[in-house]
Amino acid sequence: MKKLIFNADDFGLSYGVNFGIQESHLRGVQTSTTIMAGMPAFDHAVQLAKGMPTLGIGVHLTLTCGRPLLASHKTLTEADGNFHRLSFYKQEDTAPDPDEVFREWHAQIEKTITAGIQPTHLDSHHHMHIFKGLEPIFLQLAEEYHLPVRNSVQGRLTTRLGNAACPQALIDFVENSGVHFHTPLPEYAVGIDRCMRRLIPDALETLDTIEIMCHPAYLDTDVMLHSSFNLHRMCEVDLLTSPETQEFLHSLENASLANYSSLHKED
């Protein structure tokens, strides 16, 4: 049976994001999420997770949003102690200290485990695991914790890692649908629905495991302040919880909903 993993990024970013992910799982097709250990609503996400035992929860490793867990970094933060923004890493000749990245990401994984969540996989905010030579650090952590990882949009991470693997393809609503953050909401809703209905059947023709990356959320002050991608997240809650989406997915032959725990090899 082929596997479809609907993963919601940014669990813990804000209360609104957390409630959107909760709704998309309990009343919809969301099967997986990744938690941000350093964001303000992390503890709230951990509490909600206790009522969602069927939701797979990975770690959304972060370098470009909020503050680090460790205070000793010299290359990861601005003068105010916050992480550099994504634009910093897009400049030439800007590279973080690999040891600082390893220690910070390690701390984020450990905080998640200490909170009572056994991670199902690893991915990263803004796909930072494929930036500036950080991929080896990401893969080292995956091997240390025996965790599957998210593939990249470019399909670069296709090797098996330790006791687990990664999906063969990643479908990103924004990357693949032709819509963007400034698309009017009605057009965005139509665009991501068409993206899902077109790309999933095409991918299932040749691939066995596919992740669909999503960002469902309800809105609050934190998500409006911390994310340039905000209003459109509500459209994703609607898509993931709609009866039409569930009917479409149930109509697919030889495919079922899954989370990353299904990628772990049996001992």
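Residues numbered from 1 in each chain as written. Predicted model: local features only at pLDDT ≥ 70, side-chain atom pairs only at ≥ 80, totals over all residues. Heavy atoms only, no water.

**Overview of the overall build of the protein chain**
Helices and strands together make up the secondary structure of the protein chain, namely 10 helices and seven strands. A globule of 267 residues ought to have a C-alpha radius of gyration of about 18 Å, and the protein chain, at 18 Å, matches this closely. If you line up the protein chain on its principal axes, its C-alpha atoms span 50 × 45 × 40 Å. Residues counted as buried form 56% of the 267 residues belonging to the protein chain. In the protein chain, 71% of the contacts between residues at least 6 apart in sequence involve partners at least 24 apart. When the accessible surface of the protein chain is summed, it comes to about 11800 Å², and 51% of that surface belongs to carbon and sulfur atoms. (Helix = DSSP H or I, 4+ residues; strand = E, 2+ residues; numbered from the N terminus. Rg over C-alpha atoms; globule rule 2.2 N^0.38 Å. Buried < 20%, exposed > 50% of the residue type's maximum accessible area, 1.4 Å probe, protein only. Contact = heavy atoms within 4.5 Å. Areas by Shrake-Rupley, 256 points an atom, 1.4 Å probe, with all protein chains shown as cover.)

**A short note on the packing of aromatic side chains**
Across all of its chains, the model carries two aromatic pairs by this definition. Ring centres 5.2 Å apart and planes at 90 degrees place the aromatic pair F88 and Y89 in the edge-to-face group. Against the face of F42 rests K111, its NZ or CZ located 4.7 Å from the ring centre. (Phe/Tyr/Trp six-rings, centres within 6.5 Å; stacked < 30°, edge-to-face > 60°. Lys NZ or Arg CZ within 6 Å of the ring centre and 35° of its normal.)

**Quick look at the environment of C166**
One can find C166 in the loop between α5 (135-145) and β5 (169-172). Distance from C166 to L147, taken between C-alpha atoms, is 9.1 Å for residues 19 residues apart in sequence.

**A short note on the environment of I57**
Here I57 is to be found in strand β3 (residues 56-61). Placed 61 residues apart in sequence, I57 and Q118 show a C-alpha to C-alpha distance of 7.6 Å.

**What to know about the pattern of salt bridges**
Per the counting criterion, the structure on display carries seven salt bridges. Residues R150 and D123 are paired through a salt bridge, measuring 3.2 Å at the closest nitrogen-oxygen approach. Highlighted residues: R150 in the loop between α5 and β5 and D123 in strand β4 (residues 122-124), separated in sequence by 27 residues. Among the salt bridges present, the one from E211 reaches R150, with a minimum N-O distance of 2.6 Å. Placement of the pair is E211 in strand β6 (residues 209-214) and R150 in the loop between α5 and β5, with a sequence separation of 61 residues. When its relative accessible area of 1% is taken as the criterion, E211 is described as buried. (Salt bridge = Lys/Arg side-chain N within 4 Å of Asp/Glu carboxyl O.)

**Some remarks on a nonpolar patch on the surface**
A cluster of nonpolar side chains, namely Y15, F19 and Y218, defines an oily patch on the protein surface of about 290 Å² accessible area. Take F19: it is sitting in helix α1 (residues 15-26). (Patch = residues over 30% accessible without salt bridge, like charges linked within 9 Å, V, L, I, M, F, W, Y side chains within 5 Å.)

**Regarding helix α7 (residues 185-204)**
Between its first and last C-alpha atoms α7 spans 28 Å; for 20 residues at 1.5 Å apiece the expected length is 28 Å, and the two agree. By the burial criterion, the buried members of α7 are Y188, G191, I192, C195, M196, L199, I200, A203 and L204. The arc that holds the buried residues of α7, viewed along the axis, is 140 degrees, so those residues lie on one side. Projecting away from the buried face of α7 at angles above 90 degrees are the exposed residues P186 and R194. (Expected span 1.5 Å × (residues − 1). Arc of directions from axis to C-beta.)

**Section: the packing of α1 against helix α9 (residues 233-241)**
Relative to each other, α1 and α9 sit at 15 degrees, their axes nearing to 9 Å. Taken together, the axis directions place α1 and α9 in an arrangement best described as roughly parallel. Read as a crossing pair, α1 and α9 show a hand that is left-handed. Where α1 abuts α9, its residues V17, G20, E23 and S24 lie against R233, V237, L240 and T241. Along the lines of polarity and charge, the residues of the contact of α1 with α9 split into three nonpolar, three polar and two charged. (Axes fitted to C-alpha atoms, helices over the stretch in contact; angles between N-to-C directions. Parallel < 35°, antiparallel > 145°, perpendicular 65-115°, else oblique. Left-handed = near helix turned anticlockwise from the far one by under 90°. Nonpolar A, V, L, I, M, F, W, Y, C, P; charged D, E, K, R; others polar.)

**Considering the nonpolar core**
Judged by nonpolar contacts, the single largest core of 25 residues is most densely connected at L4, F6, F173, I200, I212, L249 and L252. Put simply, the parts of the chain that give this core at least two residues each are β1 (2-11), α7, β6, α9 and α10 (243-251). The greatest single-element share of this core, amounting to eight residues, is contributed by α7. (Core = buried A, V, L, I, M, F, W, Y, C linked by side-chain atoms within 4.5 Å.)

**Here we look at the packing of α7 against α10**
Angle between the axes and distance between the axes are the two parameters that describe a pair of packed helices. Between α7 and α10, whose axes approach to 11 Å, the crossing angle comes to 15 degrees. Classed by the angle they form, the pair α7 and α10 counts as roughly parallel. α10 is crossed by α7, and the crossing has right-handed handedness. Facing M196, R197, I200 and P201 of α7, the residues of α10 in contact are E244, T245, F248 and L249. Classifying every residue of the contact of α7 with α10 by side-chain character gives five nonpolar, one polar and two charged.

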